[in-house]
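# Observations on the model geometry
Letter by letter, the chains look like this.
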Amino acid sequence: MTTAVSDQRANNPTQFNIAAIAKLEEEALDRRTPTEHASDVIVRFIGSVKFLVLHAILVAAWSTVNLNLIPGVKAFDPFPFGILALFVSSESVFLTIFVLISQNRMARQAERRAHLDLQVGMLAEQELTMMLQMLQKLCQHSGVDVKSATRQVQGFSETTDVHKLASELEEKLPEQ
C-alpha cells in the first residue's frame, strides 16, 4: 500500500471506504455486456411512472378508437382487441426476458459481494485471533492475572474452522 493511500485511510477511513465501494460498483457496471447494459436501461424505463402512464394512455387511446367512440375514425381492432392482446402478450414476454437478464447480472454481483464480505470477515477473524493471542501473551509476560477470563479468551483465540462452522449452520438452520 502506498503512503498516500495509507495516509488517506488513516485520516478519513469512512471516506476511503466509500471511495473503495464506489470504485467496486463502477467496475461492476463497466463489466456489463452490451446486452446487460441495454437490459438495465430498458428495465429502468419499464419500472418507471413514465412507462405506466404511457401504457395507460396507449391502451385508453386504442380502446377509444376501437370502440368507435371517435366519430369518423374506423376501428382497426374491434372488441375483444385481438391485436392489442397480441402486442401486450408479446411485449410481456420480451420485458420478462429483460428483467431476468438484469436480475441474473445483479445476482452475480450480489454473489461477488458475498464472497468479498466472507473474505473480509475471515481476515478480520484471523487478525482478531492473532491480537487476542498476543494480548494474552503480553498479560502473562506482565504478570496480569486474567484467569477469570482465560477460558473465554482461549476459545476466542483459537482459529475458527470455517468448514465446521458452515456444517453446524447447515444442520441448525430450518429448511425452506
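Report follows, based on the coordinates. (Residues numbered from 1 in each chain as written. Predicted model: local features only at pLDDT ≥ 70, side-chain atom pairs only at ≥ 80, totals over all residues. Heavy atoms only, no water.)

Time to look at the packing of aromatic side chains. By convention here, two paired aromatic rings are described through the distance between centres and the angle between planes. Inspection of every chain in the model, using the stated rule, returns four aromatic pairs. Ring geometry for phenylalanine 79 against phenylalanine 81: centres 5.5 Å apart, planes inclined by 85 degrees, an arrangement best described as edge-to-face. Through successive ring pairs, a cluster of aromatic residues spans Trp62, Phe76 and Phe87. (Phe/Tyr/Trp six-rings, centres within 6.5 Å; stacked < 30°, edge-to-face > 60°.)

What follows is about the environment of histidine 55. By the secondary structure assignment, histidine 55 is in helix H4 (residues 49-66). Measuring from C-alpha to C-alpha, the distance between histidine 55 and valine 88 comes to 9.9 Å, with 33 residues separating the pair along the chain. (Helix = DSSP H or I, 4+ residues; strand = E, 2+ residues; numbered from the N terminus.)

Scanning all chains against the criterion turns up five salt bridges. Between aspartate 40 and arginine 105 there is a salt bridge, with its nearest N and O atoms 2.9 Å apart. Of the two residues, aspartate 40 sits in helix H3 (residues 34-46) while arginine 105 sits in helix H5 (residues 82-142), which places them 65 residues apart along the sequence. Several salt bridges share partner residues, and in doing so they unite Arg32, Asp40 and Arg105 into one network. (Salt bridge = Lys/Arg side-chain N within 4 Å of Asp/Glu carboxyl O.)

As a further point, take H4. Across its 18 residues, H4 extends 26 Å between first and last C-alpha, which sits within 8% of the 26 Å expected from 1.5 Å per residue. Taken together, the buried positions of H4 are Phe51, Trp62, Ser63, Val65 and Asn66. For H4, the buried positions fall inside an angular range of 165 degrees around the axis, keeping them on one side. In H4, those exposed residues whose orientation departs by more than 90 degrees from the buried face are Val49, Lys50, Leu52 and Ile57. Along its buried surface, H4 packs onto H3 and H5. Immediately beyond the C-terminal end of H4, within one or two residues, lies asparagine 68, with a positive phi of roughly 55 degrees. (Expected span 1.5 Å × (residues − 1). Buried < 20%, exposed > 50% of the residue type's maximum accessible area, 1.4 Å probe, protein only. Arc of directions from axis to C-beta. Contact = heavy atoms within 4.5 Å.)

Before going further, it helps to spend a moment on the packing of H4 against H5. Axis separation between H4 and H5 bottoms out at 11 Å; the angle between their running directions is 160 degrees. Judged by the angle between their axes, H4 and H5 are roughly antiparallel. Handedness of the crossing formed by H4 with H5: right-handed. Listed contacts from H5 to Phe51, His55 and Trp62 of H4 are Ile83, Leu84, Phe87, Glu91 and Leu95. (Axes fitted to C-alpha atoms, helices over the stretch in contact; angles between N-to-C directions. Parallel < 35°, antiparallel > 145°, perpendicular 65-115°, else oblique. Left-handed = near helix turned anticlockwise from the far one by under 90°.)

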